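Descriptive structure summary
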Amino acid sequence: RPALLSQAAPSDHIYYVGVGSNMLKSKLVNRGLNGSKIEVIDFRGCSIRGHRLAFNLRGFPPLEPGMGGLEPASPTDECHGALCTMTRTDYEKVWLSEGGGTSNPGYEEIEVEATPYGSASPVRALALRARPHARLSTDACPSERYMGILIS
């Protein structure tokens, strides 16, 4: 797991970049397992240089052909997402809701530099990328349901 996470105490604040459906705050806070809530201390837009939004995590075709995550791209590319401040404990709830507690999760955690809107100073943040075993060779089209979440 990333050093940013392993060096944080459970109550320490960390940054997580939500892309895909986790850009919708109401979706993110309700992702906790067994009905638990995820407390988000701050939620704002951000950009991540050198990455793109990819729909390359194998989903459940035809209903959900691909799920969103970050993918490295050219240095001039830029992805936009939601920069979420939360405790490490709450981030762990996000990770578990994304399959992180399984023996072979579909996502891997990566560290990125995210620049909050209205700031020139990037922060180190955690984000999710499709792991090689679950990564599609080409991006899938997001479902109509998924697109509705992104547009919200």
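Structure: see above.
The following refers to the structure shown. (Residues numbered from 1 in each chain as written. Predicted model: local features only at pLDDT ≥ 70, side-chain atom pairs only at ≥ 80, totals over all residues. Heavy atoms only, no water.)

One number sums up the size of the largest pocket: a volume of about 400 Å³. Along the walls of the largest pocket sit 22 residues, with Arg-31, Leu-57, Met-67, Glu-98 and Tyr-107 positioned nearest its centre. Put simply, the parts of the chain that give the lining of the largest pocket at least two residues each are β1 (13-18), β3 (51-60), β4 (64-72) and α4 (144-151). For the lining of the largest pocket, the per-class residue count stands at ten nonpolar, seven polar and five charged. (1 Å grid on protein atoms, 1.4 Å probe; cavity = no way out; pocket = protein on both sides within 12 Å on 5 of 7 lines; lining within 4 Å. Points joined across faces, edges and corners; volume = space filled by probe spheres on them. Helix = DSSP H or I, 4+ residues; strand = E, 2+ residues; numbered from the N terminus. Nonpolar A, V, L, I, M, F, W, Y, C, P; charged D, E, K, R; others polar.)

With that out of the way, let us pick up the side chain of Ser-21. With respect to the element layout, Ser-21 can be found in the loop between β1 and α2 (25-29). Setting aside residues no more than four positions away along its own chain, Ser-21 makes contact with Lys-27, Arg-31, Tyr-146, Ile-149 and Leu-150. (Contact = heavy atoms within 4.5 Å.)

Looking now at the packing of aromatic side chains. Under the criterion given, the structure shown has two aromatic pairs. Measuring from centroid to centroid gives 5.3 Å for Phe-55 and Tyr-146, while their planes differ by 85°, and the two rings are edge-to-face. With Phe-55 in strand β3 and Tyr-146 in helix α4, the pair connects residues that are 91 residues apart, well separated along the chain. Taken as a pair, Phe-55 and Tyr-146 share a single burial class, namely buried. (Phe/Tyr/Trp six-rings, centres within 6.5 Å; stacked < 30°, edge-to-face > 60°. Buried < 20%, exposed > 50% of the residue type's maximum accessible area, 1.4 Å probe, protein only.)

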